[in-house]
Amino acid sequence: MSAGAWTRAWSPAEGAERVAAAFAEHLGGAPDGVWSAPGRANVIGEHTDYNGGLCLPVALPHRTYVALRTRTPDDGLPRGTVRLLSAQEAGAGLVTLDLADVGPGTVRGWAAYAVGVAWALREAGHDVAGFDAVVDSCVPYGAGLSSSAALECAVAVALDEVHGLGLGDDAGRARLAEACIRAENDIAGAATGGMDQAASLRCRAGHALLLDTRDGSTRHIPLDLEQHGLALLVIDTRAEHQLVDGQYASRRAACERAAAHLGVATLREVTDLDAALASLATLPDGDVVQRRVRHVVTEIARVEEVERLLDAGRVEDLGPVLSAAHASLRDDYEVSCRELDVAVDAACAAGALGGRMVGGGFGGSAIALVRADEVGAVADAVARAFAAEELPPPAFLVAVAAGPAARV
Ligand code: GLA
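Reading the values: rules and limits
- Residues numbered from 1 in each chain as written.
- Predicted model: local features only at pLDDT ≥ 70, side-chain atom pairs only at ≥ 80, totals over all residues.
- Heavy atoms only, no water.
- Domains from an automatic or database assignment.
- Contact = heavy atoms within 4.5 Å.
- Buried area = accessible area lost by both parts, 1.4 Å probe.
- Salt bridge = Lys/Arg side-chain N within 4 Å of Asp/Glu carboxyl O.
- Polar contact = N/O pair within 3.5 Å; in protein donor to acceptor, adjacent residues only side chain to side chain.
- Helix = DSSP H or I, 4+ residues; strand = E, 2+ residues; numbered from the N terminus.
- Buried < 20%, exposed > 50% of the residue type's maximum accessible area, 1.4 Å probe, protein only.
- Pairing = 2+ DSSP bridges.
- Axes fitted to C-alpha atoms, helices over the stretch in contact; angles between N-to-C directions.
- Near = heavy atom within 4 Å.
- Areas by Shrake-Rupley, 256 points an atom, 1.4 Å probe, with all protein chains shown as cover.
- Nonpolar A, V, L, I, M, F, W, Y, C, P; charged D, E, K, R; others polar.

**Focus on the domain arrangement of the protein**
And then number 1: When the domains of the protein are assigned, the result is domain 1 (5-223) and domain 2 (226-399).
And then number 2: At the interface, 42 residues of domain 1 touch 52 residues of domain 2.
And then number 3: Both sides of the domain 1 and domain 2 interface together cover about 3,700 Å² of buried area, and 64% of this is carbon and sulfur.
And then number 4: The salt bridge involving arginine 268 is made with aspartate 212; its shortest N-O contact spans 2.8 Å.
And then number 5: Between domain 1 and domain 2 we count 22 residue pairs in polar contact (both at pLDDT 80 or more) in total.
And then number 6: If you list the elements that add at least two residues to the side of domain 1 that touches domain 2, you get β1 (5-6), β2 (33-42), β3 (54-55), β4 (57-70), β8 (207-212) and β9 (217-222).

Rendered as structure tokens:
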């Protein structure tokens, strides 16, 4: 492979060993178990999930691991006590808090994603106690590959199991995803849409997950790129993105305003784009809102097109659809940035069949559909383009559709 920096996925044994060892060292004794949950790459369908639309993520082999032990009556601590340690934020030390004190705005930083899940499960009526946990992850942090959702979902499946909540089947996992979304929206304060949690909890190895966010229904579409001599290269630009900043929320607000103006529940219900655009022209910021809506409506159509292409076995033909999505995200939705554009342009110039930014945008990662034997050459070309632009070097990984959150 190429000389660039490749982000390695840990084996399950390696991930489990890391968190179990840190657990013994910092919290003492053994956890009840180790659970893990994957990050995701989204093949197509960006900024559609909070618009009742479609998206098509795959789970990554890169996962977040959590060693967790539930509170017991004889451990000498109040039942609501949570003690948490992140191996990646070891400097922050052990975070100790009580579940009774958790609520919107009360927890800051990474711990909000973990305790937020316990809070949301309690809000949903489940009897969830405090716990001790150590987390560690090989999902690149802040890279637009859902490191936050991986953390939430690993905690969610752990709490489900230690409390026997019975949320292990797909319907249960949809409930767990809802709890994770509430954790992220209400406790961590990021107004994200739900694709990432569904991907981490409901994906299937070897498949992309077609998620219809209108009703939460899913379809698993086989995605064996290797069989077609192809690979999905993920380019982590290392331009750190933040979903808790205002840009994501302002895109979401514009979509909601547009839907209200058009008299529809969500932009998914827009059936005549031209008529919708004409109507939106009357808004004071009509030009901007028109472009936001055009992205969402055309992006949902692109997901449907990719579904048809995959069903027909025409995987190579995904390339131009990915590139069209990038142009729409860059020009109409305005969530790309220089690093993402350099990554996509350089990959395509080096022979990728197509590419686009993934996730929320403003940094993070891009994907490129490449011939399997050209992965290294395309990565090298992207790394050279970054150097020529005097950008810090990107990192790479290959997205092979992996399995969902589970006990290790
Ligand atoms: C982030 C959010 C998701 C989704 C994407 C954009 O990843 O967490 O809910 O909105 O951005 O598609």
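Read on, since the account is not over.
**A look at the environment of alanine 41**
And then number 1: Looking at the element boundaries, alanine 41 is found in strand β2.
And then number 2: Overall, alanine 41 belongs to the buried group, its relative accessible area being 0%.
And then number 3: When the C-alpha atoms of alanine 41 and glutamate 17 are compared, they prove to be 26 Å apart, with 24 residues separating the residues in sequence.
And then number 4: Once you skip the residues sitting within four places of it in the chain, alanine 41 turns out to touch Pro57, Val58, Leu60, Val234, Ile367 and Ala399.

**A few points about the sheet that holds strand β12 (residues 365-371)**
And then number 1: Spatially, the five strands line up as an open sheet ordered β1-β13-β10-β12-β11, and their pairing is mixed. Looking at strand neighbours, the two that pair on one side only are β1 and β11 (354-357), the edges of this open sheet.
And then number 2: In the sheet, strand β10 (residues 230-236) pairs with strand β13 (residues 395-398) via four bridges, with the strands oriented antiparallel. Counted as the bridge partner of isoleucine 235 is phenylalanine 396 from β13.

**Let's talk about the sheet that holds β3**
And then number 1: Reading across the sheet, the three strands line up as β3-β8-β9 and stay open at both edges, with antiparallel pairing between neighbours. In the strand order of this sheet, the two ends are held by β3 and β9, each with one partner.
And then number 2: Of the pairings in the sheet, the one linking β3 to β8 comprises two bridges and is antiparallel in character. Paired with leucine 54 across the strands is aspartate 212, a residue of β8.
And then number 3: Taken strand by strand, helix α5 (residues 195-202) contacts β3, β8 and β9, and its axis lies near 135° from that of β8.
And then number 4: Across the sheet, helix α8 (residues 286-311) lies against β3, β8 and β9, angled at about 40° from β9, the strand it touches most.

**A short note on the site of the ligand**
And then number 1: Taken together, 14 residues lie near the ligand, and Glu46, His47, Asp49, Asp196 and Tyr248 sit nearest.
And then number 2: In the environment of the ligand, an oxygen atom lies 2.6 Å from a nitrogen or oxygen atom belonging to the side chain of aspartate 196.
And then number 3: With respect to the ligand, the side chain of tyrosine 248 contributes an N or O atom lying 2.5 Å from an oxygen atom.
And then number 4: When the free accessible area of the ligand is taken as 310 Å², the share hidden by the protein chains comes to 99%.
And then number 5: Among the residues forming the shell around the ligand, the class breakdown is four nonpolar, six polar and four charged.
And then number 6: Both of domain 1 (5-223) and domain 2 (226-399) provide at least three residues apiece to the shell around the ligand.

**A short note on the side chain of histidine 62**
And then number 1: Structurally, histidine 62 is set in strand β4.
And then number 2: The buried category is assigned to histidine 62, whose relative accessible area is 2%.
And then number 3: A polar contact is formed between the side chain of histidine 62 and the backbone nitrogen of alanine 9, at a distance of 3.5 Å.
And then number 4: Those residues within four positions of histidine 62 in sequence are excluded, and the remaining contacts are Thr7, Arg8, Ala9, Ala37, Pro38, Gly39, Cys138, Val139 and Leu397.

**Brief notes about the pattern of salt bridges**
And then number 1: What the rule picks out here adds up to 29 salt bridges.
And then number 2: The shortest N-O distance in the salt bridge between arginine 302 and glutamate 299 comes to 2.9 Å. One end of the pair, arginine 302, and the other, glutamate 299, are both in helix α8, three residues apart, so they sit about a helical turn from each other. As far as burial versus exposure is concerned, arginine 302 and glutamate 299 are alike and both buried.
And then number 3: In this structure, the salt-bridge partner of arginine 338 is glutamate 389, at a minimum N-O distance of 3.3 Å. Of this pair, arginine 338 sits in helix α10 (residues 338-349) while glutamate 389 is found in the loop between α11 (375-388) and β13, placing the two residues 51 residues apart along the sequence.
And then number 4: The partly exposed category is assigned to arginine 338, whose relative accessible area is 44%.
And then number 5: Ionic contacts of the salt-bridge type, sharing partners, join the residues Arg69, Arg71, Asp75, Arg83 and Asp132 into one network.

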